[in-house]
Amino acid sequence: MVSIKVTKQLVLTPSMGWGGMSWKDPFVTVTFPSKVIFTSASLLLLLVHMGIFGGDLYHFTVTQKFDLMSFHGTTVLLVSHVMSFYWALLGTFYTLEANDKVLRGFALTSLVMNFALFVGRFCLDYLTIEYREELY
């Protein structure tokens, strides 16, 4: 899945000039296929969001210690949920064009799970709005 391309640096002679050399020549270039990178980044953010959501749900229902919930990062969490959903959508679009059924299944699962987790996060934030400590 990951391809590594090592290029070697050209030795310049006075007659050669800078015309034959690119700025990327002395570097190692790592490239990922776009259909894989969007889906894997979306799945990684999905796992992080599931952990945070599980912790918040535990503190809301079991311990009822509302100060341990992630109220202070609600804006960042919702923005990262939207970003993860967008990456899942891009990964799904790329895999629908390809003929890889396994990757298409992962991409569609990531898309549905990201949307469900976003709706769950939104509902949990709405339910716990009266437990927030607002400082002005």
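Computed from a predicted model, the values in this text were never measured in an experiment.

Draft legend 1. Here's a closer look at the UniProt feature "transmembrane region" (unreviewed entry) in the chain. Mapped onto this numbering, the UniProt entry annotates "transmembrane region" (unreviewed entry) at residues 36-55, 76-96 and 102-124. Helix makes up 100% of residues 76-96 and strand makes up 0%, while its end C-alpha atoms are separated by 30 Å. Note that residues 102-124 is 100% helix and 0% strand, and that its end C-alpha atoms are spaced 32 Å apart.

Draft legend 2. Seen up close, the packing of aromatic side chains. Using the criterion set out here, one finds 5 aromatic pairs in the structure. Ring centres of Phe60 and Tyr131 lie 6.0 Å apart, and the angle between their planes is 65°; this geometry places the pair in the edge-to-face category. Here Phe60 is found in helix 1 (residues 34-63), whereas its partner Tyr131 is found in the segment after helix 3 (101-127), with 71 residues between them in sequence. You can call Phe60 buried: its relative accessible area is 19%. When the ring of Phe85 is compared with that of Phe115, the centres are 6.0 Å apart and the planes differ by 45°; the resulting orientation is tilted.

Basis of the calculations
Residues numbered from 1 in each chain as written. Predicted model: local features only at pLDDT ≥ 70, side-chain atom pairs only at ≥ 80, totals over all residues. Heavy atoms only, no water. UniProt positions renumbered as here; feature names shortened; annotations may be inferred. Helix = DSSP H or I, 4+ residues; strand = E, 2+ residues; numbered from the N terminus. Phe/Tyr/Trp six-rings, centres within 6.5 Å; stacked < 30°, edge-to-face > 60°. Buried < 20%, exposed > 50% of the residue type's maximum accessible area, 1.4 Å probe, protein only.

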